[in-house]
Amino acid sequence: MAHYEKRLEGETIYQGKVFRVERDKVELENGNTSIREIVRHNGGACIAALSDEDEVYMVRQFRYAFGKELWELPAGKLEPGEDPFEAAKRELAEEAGLTARHYTDLGVFYPTVGYCTEIIYTWAATGLEPVPQHLDEDEFLTVYKIPLQKALEMVYSGEIQDGKTALGILKLADLRRQGKL
């Protein structure tokens, strides 16, 4: 038998630019009720770009919520109705100043399953070519090329703490090891 919860009623308690927060009353499978607070998010797209020299393009960006710079793969939020693959290609160009001849789907990632609907769609990019970088007016970052093996070490040592980045690098390295990139 599959476990479930059934929404009985709900209300929006916050509506922002990036997400909204809802409070729902749910019926549990044993017949009791409970409250769930859910962050509704449009999702995001992430891209692991690998150079011909086995270097991963990464960015360092200050993240206000954590009060520090983090290592990340190029990524960004989806606009309502935006195609995730097109968003990933857009973020690669905007943040890293790159486009690619080949893209490989790395699947989806649910970063916060307990209370958030965000889904991050991830691709690998190879056959890279430069294009003009064009950051958003409120976006400040530095682009780095990190050898893939070094990026793996950064994941395992905890230097890379961003979940989408760690998972993207692990999947990228596995595909590279299998000769699929």
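Since this is a predicted model, take the numbers as computed values, not measurements.

### Considerations on the state of the cysteines
Taken as a whole and assessed by the stated rule, the structure comprises zero disulfides. Of all cysteine sulfurs in the structure, the one in cysteine 116 sits closest to cysteine 46, which takes part in no disulfide; the separation is 16 Å. On the accessibility criterion, cysteine 116 (15% relative accessible area) is buried.

### Some words on the packing of aromatic side chains
Tallied over the full model, the rule gives four aromatic pairs. For the ring pair phenylalanine 85 and tyrosine 103, a centre distance of 5.1 Å and an interplane angle of 85° mean the geometry is edge-to-face. In this pair, phenylalanine 85 is assigned in helix α1 (residues 84-96) and tyrosine 103 in strand β8 (residues 98-109), connecting sequence segments 18 residues apart. Here phenylalanine 85 falls in the partly exposed class, since its relative accessible area comes to 25%. Here the aromatic cluster, defined as three or more aromatic residues joined through ring pairs, consists of Phe85, Tyr103 and Trp123.

### With respect to the environment of glycine 97
If you trace the backbone, glycine 97 turns up in the loop between α1 and β8. Remark: the alpha-carbon pair of glycine 97 and valine 143, spanning 46 residues in sequence, is separated by 9.1 Å. Every residue in contact with glycine 97, bar those within four places of it in the chain, is listed here: Leu92, Glu129, Pro130, Val131, Pro132 and Gln133.

Rules behind the numbers
Residues numbered from 1 in each chain as written. Predicted model: local features only at pLDDT ≥ 70, side-chain atom pairs only at ≥ 80, totals over all residues. Heavy atoms only, no water. Disulfide = S-S within 2.5 Å. Buried < 20%, exposed > 50% of the residue type's maximum accessible area, 1.4 Å probe, protein only. Phe/Tyr/Trp six-rings, centres within 6.5 Å; stacked < 30°, edge-to-face > 60°. Helix = DSSP H or I, 4+ residues; strand = E, 2+ residues; numbered from the N terminus. Contact = heavy atoms within 4.5 Å.

By themselves, these are just geometric observations and shouldn't be taken as functional.
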